Amino acid sequence: MSEYIILSIFLFLGAFIAAAATVVGLLLGYRTKNTKNKMAPYECGMETIGNARIQFKVGYYLFALLFLVFDIEALFLFPVMMNFREIMAGHTALSPVIVIADLAIFMAILVSGLAYAWKKGILKWE
Amino acid sequence: MFPNLNLPGLQLPDLPLAFPMGGMDIAFYVVAAVMLFTAICTVAVKNILQSAVFLIFSFVATAILYLLLHAEFIALAQVMVYVGGVVIFVVFTILLTSHLGEDAFATKIPRVFAAFALSIAFVLVMVKCILPTPELASGAVSSPENYSGLEPIAMRLLGYGPDGFIIPFEVVSILLLMTLICAITVARKSKDEVEKEKAVQQ
């Protein structure tokens, strides 16, 4: 549990520093009136044209889908990798050969999905 | 056992409410407050992109709640899949849909009331389900030491003995493969459409 206390200290410090930077800026900063020019979005000194929100390409959507699938795969591999070394050393009840075979099957099924995506031309950016 | 939850005279079981509270209790209440606040902001904020950002904070707070319950793997799943994947996906979907993020939603008052009524009904159902289990309601349920840590989970996930989950583990990959193929099939342009577009461009 002690690692989580360290983690929570980091969380708190991160939030604190971010908040402190803003608050200190508010307290110490020299304030002027909010004019329209001041509040305009800064775009390298150019006048902004049109709306900032444009419609994204659908291609991004497919990449997000691919990412999500492999994200979940990584989630399942993560705990396995945490004690992979112990399993390989034979310190556990599991046989290293069977574990390797299991992981290989798991990966092979998912990589075949990636191969399918590749073959269908999903990975090619148009 | 406990009497059924009657609405007029709400009878609570004798929960061991410990005051003064320990550090874990304080952590729980702080995290729960953050979670509730961000969850309310998620539905109350007008801009849909802002509500996606509040959703991230709500999910992170939920992950911390799981950690407080010693459920490391679920906390990891919450952060990796929900914060890292699903919310990003929601943002993508918002940005893909043109003009969706621009206009604030005009929420009608009857709908707000309906939503309130539904959520209160949901809370009542949850309370009614949880209260008859005294161990659950008092937080006294305890799994064996480090039962839900990452390493014991891995050992059970790969285990091929009677308490192993190796078959579900492999089936997960098939499920993911199906998701992948379905997503590609749905989202990808078919050959006819591509050819049509080319014809239009020419």
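Given the structure is predicted, the values throughout are model-derived calculations rather than measurements.

J.: Explain the packing of helix H3 (residues 58-82) of chain A against helix H5 (residues 96-119) of chain A to me, please; I cannot follow it from the model alone.
T.: In helix packing, the relevant descriptors are the interaxial angle and the interaxial distance, both defined with respect to the helix axes. All names here are of chain A. Orientation of H3 relative to H5, taken along the N-to-C sense of each, is 165°, at an axis distance of 12 Å. In this view, H3 runs roughly antiparallel relative to H5, as classed from their interaxial angle. Between H3 and H5 the crossing geometry is left-handed. Along its contact with H3, which presents Leu66, Val69, Phe70, Glu73, Phe76, Leu77, Val80 and Met81, the element H5 presents Leu103, Phe106, Met107, Leu110, Leu114 and Ala117.

J.: Honestly, H5(A) in this entry has me stumped. Any pointers?
T.: Since one α-helical turn is 3.6 residues long, residues separated by three or four positions face the same way. Taking 1.5 Å of rise per residue, the 24 residues of H5(A) would be expected to cover 34 Å, and the 33 Å separating its terminal C-alpha atoms lies within 8% of that figure. Turning to H5(A), its buried residues number three or more, namely Val99(A), Asp102(A), Leu103(A), Phe106(A), Ile109(A), Leu110(A), Gly113(A) and Ala117(A). Where H5(A) is buried, its residues contact H3 and helix H4 (84-89) of chain A together with helix H6 (150-158) and helix H7 (166-187) of chain B. Two residues or fewer past H5(A), Gly121(A) is found with a positive phi of approximately 80°.

J.: Any chance you could explain the interface of chain B and chain A here in plain terms?
T.: When the parts of a complex come together, some accessible area is lost, and that lost area is often taken as the interface size. Every contact between the two is made by 45 residues of chain B and, on the other side, 52 residues of chain A. When chain B packs against chain A, the two sides together hide about 4600 Å² of surface, and 79% of this comes from carbon and sulfur. Across the chain B-chain A interface, the total number found is three residue pairs in polar contact (both at pLDDT 80 or more). For the side of chain B that touches chain A, the elements supplying multiple residues, two or more each, are helix H2 (48-68), helix H3 (72-96), H6 and H7 of chain B. Residues of the side of chain B that touches chain A, tallied by class, amount to 31 nonpolar, nine polar and five charged.

J.: Is there a simple way to explain the environment of Val45(B) in this structure?
T.: All names here are of chain B. Within the secondary structure layout, Val45 lies in the loop between helix H1 (23-44) and H2. Val45 sits in the partly exposed class, given a relative accessible area of 22%. With near-sequence residues (within four places) excluded, Val45 lies in contact with Gln50, Ser51 and Phe54.

J.: Any chance you could explain the layout of surface pockets here in plain terms?
T.: Using a probe with the size of a water molecule, rolled over the atoms, empty space left in the structure can be pinpointed. Space inside the second largest pocket adds up to approximately 970 Å³. In terms of lining residues, the second largest pocket is bounded by 26 residues, among which Ser8(A), Leu11(A), Val31(B), Ile64(B) and Leu67(B) are the most central. Of all elements in the fold, only helix H1 (2-28) of chain A together with H1, H2 and H3 of chain B reach the threshold of two or more residues within the lining of the second largest pocket. Classifying every residue of the lining of the second largest pocket by side-chain character gives 22 nonpolar, two polar and two charged.

Analysis parameters
- Residues numbered from 1 in each chain as written.
- Chains lettered and ligands numbered in written order.
- Predicted model: local features only at pLDDT ≥ 70, side-chain atom pairs only at ≥ 80, totals over all residues.
- Heavy atoms only, no water.
- Axes fitted to C-alpha atoms, helices over the stretch in contact; angles between N-to-C directions.
- Helix = DSSP H or I, 4+ residues; strand = E, 2+ residues; numbered from the N terminus.
- Parallel < 35°, antiparallel > 145°, perpendicular 65-115°, else oblique.
- Left-handed = near helix turned anticlockwise from the far one by under 90°.
- Contact = heavy atoms within 4.5 Å.
- Expected span 1.5 Å × (residues − 1).
- Buried < 20%, exposed > 50% of the residue type's maximum accessible area, 1.4 Å probe, protein only.
- Buried area = accessible area lost by both parts, 1.4 Å probe.
- Polar contact = N/O pair within 3.5 Å; in protein donor to acceptor, adjacent residues only side chain to side chain.
- Nonpolar A, V, L, I, M, F, W, Y, C, P; charged D, E, K, R; others polar.
- 1 Å grid on protein atoms, 1.4 Å probe; cavity = no way out; pocket = protein on both sides within 12 Å on 5 of 7 lines; lining within 4 Å.
- Points joined across faces, edges and corners; volume = space filled by probe spheres on them.

Take it as geometry only, folks, not as evidence of what the structure does.
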